[in-house]
Amino acid sequence: MRRPARTPRGQNALGVVLILAAMLVLGGFAAAALFLRSPPTDPDTLCRTDRPIAAHTIVLVDSTDRLETRHRRKLQAVMLQERSRLHQYDRITLMRLNSRRPQEPTILFSKCLPRPPEMANPLFENARIAQERWDADFASALDRALRSAASGGPNRASPILAGLRAVAADPDFGAQIPQRRLILVSDLLEHDPGGFSLYVSDANFASWRAQTPSGPADLLGVDLRIVPIDRPDHAERQAAALQSFWPAYFEAAAADSVTIDPAP
């Protein structure tokens, strides 16, 4: 028995179904492409411009005295550790104490961690170019900044307290950022030739507080990590500072948490 020919209405219905299916597939590809496309970012900081920063880590390096090879290795290890903690588009800043302008630590690097090159969308980006851009804008720039941070030399002053106060007052490190972390890499021997100095035998937090009306830095909401740099010639002074000054200072600064790396 001959099969009846398909009616035009049936053909039209099948065509509509095929068109709808094609549109769904194309829509899925378009949605996936948009999802994989990098969000808008600032060309200088690499931070997202479509939402606020969720986390900011500042590494403050005290190289007012020479950093020996072991110190530089320690600094590199610390940077790798802190970088590994970052999520995409978290910000990391590397600063160095400035003995000439104690209230203005030198900013050597301050950028957000960009999307890794292996996540580049082939519809919009070339994988090789994405890798080269990532290296140039972030990885290589951070390596250069790290070398600069470790290249200090003997200075007349070690303005650690002024540096901490400057970091706490930095608007890019304000309380509006949900997660803030500060890493201090230092020998912890504050020295102001015209003021307070932890090189003085009887120096303690009470004596500093008595002569400093402004008080400590406001570190409320900040997780603080201390990375001591050993100075064998001043080991006793360092031990005294860690016992009679810094614990009281950090408590008064109201840091959310304080961790001190083991002494080298």
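A. Geometry of the overall build of the chain. From N to C terminus, the chain includes seven helices and six strands. Counting contacts in the chain only where the partners sit at least 6 residues apart, residues at least 24 apart contribute 78% of the total. Summed over its atoms, the accessible surface of the chain is roughly 15200 Å², and 55% of this surface lies on carbon and sulfur atoms.

B. Main features of the environment of G221. Counting through the fold element by element, G221 comes out in the loop between α5 (205-210) and β5 (222-228). Counting along the chain gives 44 residues from G221 to I177, while the straight-line C-alpha distance between them is 9.4 Å. Once residues lying within four places of it in the same chain are set aside, the contact partners of G221 are R180, A254 and D256.

C. Quick look at the pattern of salt bridges. Inspection of the entire model under this criterion finds nine salt bridges. A salt bridge links R70 to D230, with the nearest nitrogen and oxygen atoms 3.1 Å apart. Here R70 is found in helix α2 (residues 69-84), whereas its partner D230 is found in the loop between β5 and α6 (235-244), with 160 residues between them in sequence. Taking relative accessible area as the criterion, R70 reaches 38% and is therefore assigned partly exposed. Judged by relative accessible area, D230 falls into the buried class, the value being 19%. The closest approach of N and O atoms between E82 and R225, which form a salt bridge, is 2.7 Å. Of the two residues, E82 is situated in helix α2 and R225 in strand β5; the sequence distance between them amounts to 143 residues. Given the relative accessible area of 1%, E82 is considered buried. One continuous salt-bridge network, built from bridges that share partners, spans K74, E82, R85, R181, R225 and D261.

Thresholds, definitions, all that
- Residues numbered from 1 in each chain as written.
- Predicted model: local features only at pLDDT ≥ 70, side-chain atom pairs only at ≥ 80, totals over all residues.
- Heavy atoms only, no water.
- Helix = DSSP H or I, 4+ residues; strand = E, 2+ residues; numbered from the N terminus.
- Contact = heavy atoms within 4.5 Å.
- Areas by Shrake-Rupley, 256 points an atom, 1.4 Å probe, with all protein chains shown as cover.
- Salt bridge = Lys/Arg side-chain N within 4 Å of Asp/Glu carboxyl O.
- Buried < 20%, exposed > 50% of the residue type's maximum accessible area, 1.4 Å probe, protein only.

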